[in-house]
Amino acid sequence: MQELATRSELEFNSETYKDAYSRINAIVIKGEEEAYHNYIDIAKMLPDHKDELIRLAKMENRHKKGFQSCGKNLSVTPDMEYAQKFFAQLNENFQQAKAQKKIVTCLLIQSLIIEAFAIAAYNIYIPVADPFARTITEKVVKDEYIHLNFGEVWLQKNFEISKAELEEANKSNLPIVWTMLNQVKDDAEVLGMEKEALVEDFMISYGEALSSIGFSTYDIVQMSSYGLKAT
Ligand code: PL3
Ligand code: FE2
Ligand code: FE2
């Protein structure tokens, strides 16, 4: 911890740091970009919430710009091709659900899983970030709680009709998150972020969301660790 606290400008400009940052920064930019498109798609599926969802989509676009400036500030070129592959499977599942008009699955993927993943990543990143990126990430993470809350509230109101689909969607999408986390863990560590901390923070946000939606503690324990043993 001591070591992290004294992270210097020298370190943020080292080749090792910048190399890891080129992938992490790309992942975050791509994640925000996909979130933008996902909320636009969700808005079409939930016309009653259209204005609110368009507002959330616009926030994602601002987040993307914010993280692009973080990369520029460190003179890092984000590796967008890498990020594209990183999100491929989750994106495919979202597209499939969208084609089948499975709004519950779309909400679980975007508003619960991706937002909880983002909240974990950003919270763990903030204390070890360079000062410029820290200010930006602090603002972004506040918005992500609003996005997670949107999914929570809608799913809570529609819990009975959504429960089975949520369990199914959790089963097929949560293991992908653990794979993604394993893929990013070495780069995240270079940035001072521990995998265990990311898992823990994710579990907290995701578990709290499932709880407010209406799942029992027993269900949550089962659901939130689905596929985790493989990591
Ligand atoms: C939706 O609002 C945002 C979607 C972004 C998903 C980000 C996942 C990040 C995983 C990478 C872990 C390290 C993050 C470092 C933070 C800058
Ligand atoms: Fe975002
Ligand atoms: Fe978001």
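Residues numbered from 1 in each chain as written. Chains lettered and ligands numbered in written order. Predicted model: local features only at pLDDT ≥ 70, side-chain atom pairs only at ≥ 80, totals over all residues. Heavy atoms only, no water.

Student: Tell me about the site of ligand 1, residues and numbers included.
Tutor: Residues in close proximity to ligand 1 total 15 residues, the closest being Ile-24, Glu-32, Glu-60, Glu-115 and Glu-144. Glu-32 is positioned such that a nitrogen or oxygen atom in its side chain is 3.2 Å from an oxygen atom of ligand 1. Within the contact set of ligand 1, an oxygen atom lies 2.7 Å away from a side-chain nitrogen or oxygen of Glu-144. Computed on the free molecule, ligand 1 has an accessible area of 520 Å², of which 99% lies beneath the protein chains in the complex. Counting residues per element, the ones that place at least two in the shell around ligand 1 are helix 3 (15–45) and helix 6 (103–125). The greatest single-element share of the shell around ligand 1, amounting to 7 residues, is contributed by helix 6. (Near = heavy atom within 4 Å. Polar contact = N/O pair within 3.5 Å; in protein donor to acceptor, adjacent residues only side chain to side chain. Areas by Shrake-Rupley, 256 points an atom, 1.4 Å probe, with all protein chains shown as cover. Helix = DSSP H or I, 4+ residues; strand = E, 2+ residues; numbered from the N terminus.)

Student: I'd like a description of the coordination of the iron ion (ligand 2), backed by residues and values.
Tutor: Around the iron ion (ligand 2), the donor atoms from the protein are Glu-32 (OE), Glu-32 (OE), Glu-60 (OE), His-63 (ND1) and Glu-144 (OE), and they sit 2.0 to 2.8 Å away. Coordination geometry of the iron ion (ligand 2): the 6 donor atoms subtend angles of 51 to 163° at the metal centre, consistent with an arrangement described as irregular. Within one chain, the residues serving as donors to the iron ion (ligand 2) are arranged as E-x27-E-x2-H-x80-E. Taken as a pair, the iron ion (ligand 2) and the iron ion (ligand 3) lie 3.2 Å from each other and share Glu-60 as a ligand. With Glu-32 in helix 3 and His-63 in helix 4 (residues 50–73), this pair connects stretches of sequence that are 31 residues apart. His-63 matches Glu-32 in its accessibility class, with the two residues each being buried. (Donors = N, O, S within 2.8 Å, 3.2 Å for Na, K, Ca; no water. Tetrahedral: all angles 85-135°; square planar, octahedral: opposite > 155°, others 65-115°. Buried < 20%, exposed > 50% of the residue type's maximum accessible area, 1.4 Å probe, protein only.)

Student: So what's going on with the coordination of the iron ion (ligand 3)? Residues and values would help.
Tutor: Six octahedral donors around a metal ideally subtend angles of 90 or 180 degrees, whereas four tetrahedral donors ideally subtend 109.5 degrees. Distances from the iron ion (ligand 3) to its protein donors, Glu-60 (OE), Glu-115 (OE), Glu-115 (OE), Glu-144 (OE) and His-147 (ND1), fall at 2.0 to 2.3 Å. Geometry at the iron ion (ligand 3) is irregular, judged from the 6 donor atoms that bind it and their angles of 56 to 156° at the metal. Summarised as a motif, the one-chain spacing of the donors to the iron ion (ligand 3) is E-x54-E-x28-E-x2-H. Residue classification places His-147 among the buried positions, given a relative accessible area of 0%.

Student: Account for the environment of Leu-74, with residues named and values stated.
Tutor: Along the chain, Leu-74 falls in the loop between helix 4 and helix 5 (80–99). On the accessibility criterion, Leu-74 (5% relative accessible area) is buried. Each C-alpha atom, one on Leu-74 and one on Ser-205, is 30 Å from the other, the two residues being 131 residues apart in sequence. Once residues lying within four places of it in the same chain are set aside, the contact partners of Leu-74 are Phe-12, Tyr-17, Lys-18, Tyr-21 and Asp-130. (Contact = heavy atoms within 4.5 Å.)

Student: Can you explain the packing of helix 7 (residues 131–157) against helix 8 (residues 159–190)? Please cite residues and give values.
Tutor: It is at 6 Å that the axes of helix 7 and helix 8 come closest, and there the two elements cross at 110°. When the interaxial angle is binned, helix 7 and helix 8 end up roughly perpendicular. For the pair helix 7 and helix 8, the contacting residues are Trp-154, Leu-155, Gln-156 and Lys-157 in the first and Phe-159, Ser-162 and Leu-166 in the second. Within the contact of helix 7 with helix 8, the residues separate by chemical class into 4 nonpolar, 2 polar and 1 charged. (Axes fitted to C-alpha atoms, helices over the stretch in contact; angles between N-to-C directions. Parallel < 35°, antiparallel > 145°, perpendicular 65-115°, else oblique. Nonpolar A, V, L, I, M, F, W, Y, C, P; charged D, E, K, R; others polar.)

Student: Outline the packing of aromatic side chains, listing residues and values.
Tutor: Evaluation of the coordinates by the stated rule reveals 9 aromatic pairs. Following the ring pairs from residue to residue traces out a cluster consisting of Phe-12, Tyr-17, Tyr-21 and Tyr-125. (Phe/Tyr/Trp six-rings, centres within 6.5 Å; stacked < 30°, edge-to-face > 60°.)

Student: Summarise the environment of Leu-191; cite the residues concerned and give the values.
Tutor: Here Leu-191 is to be found in the loop between helix 8 and helix 9 (195–213). Residue classification places Leu-191 among the buried residues on the basis of a relative accessible area of 0%. Put simply, Leu-191 and Thr-16 are 175 residues apart on the chain and 9.4 Å apart in space, counted from C-alpha to C-alpha.

In short, the description is geometric, and any link to function would need to be established separately.
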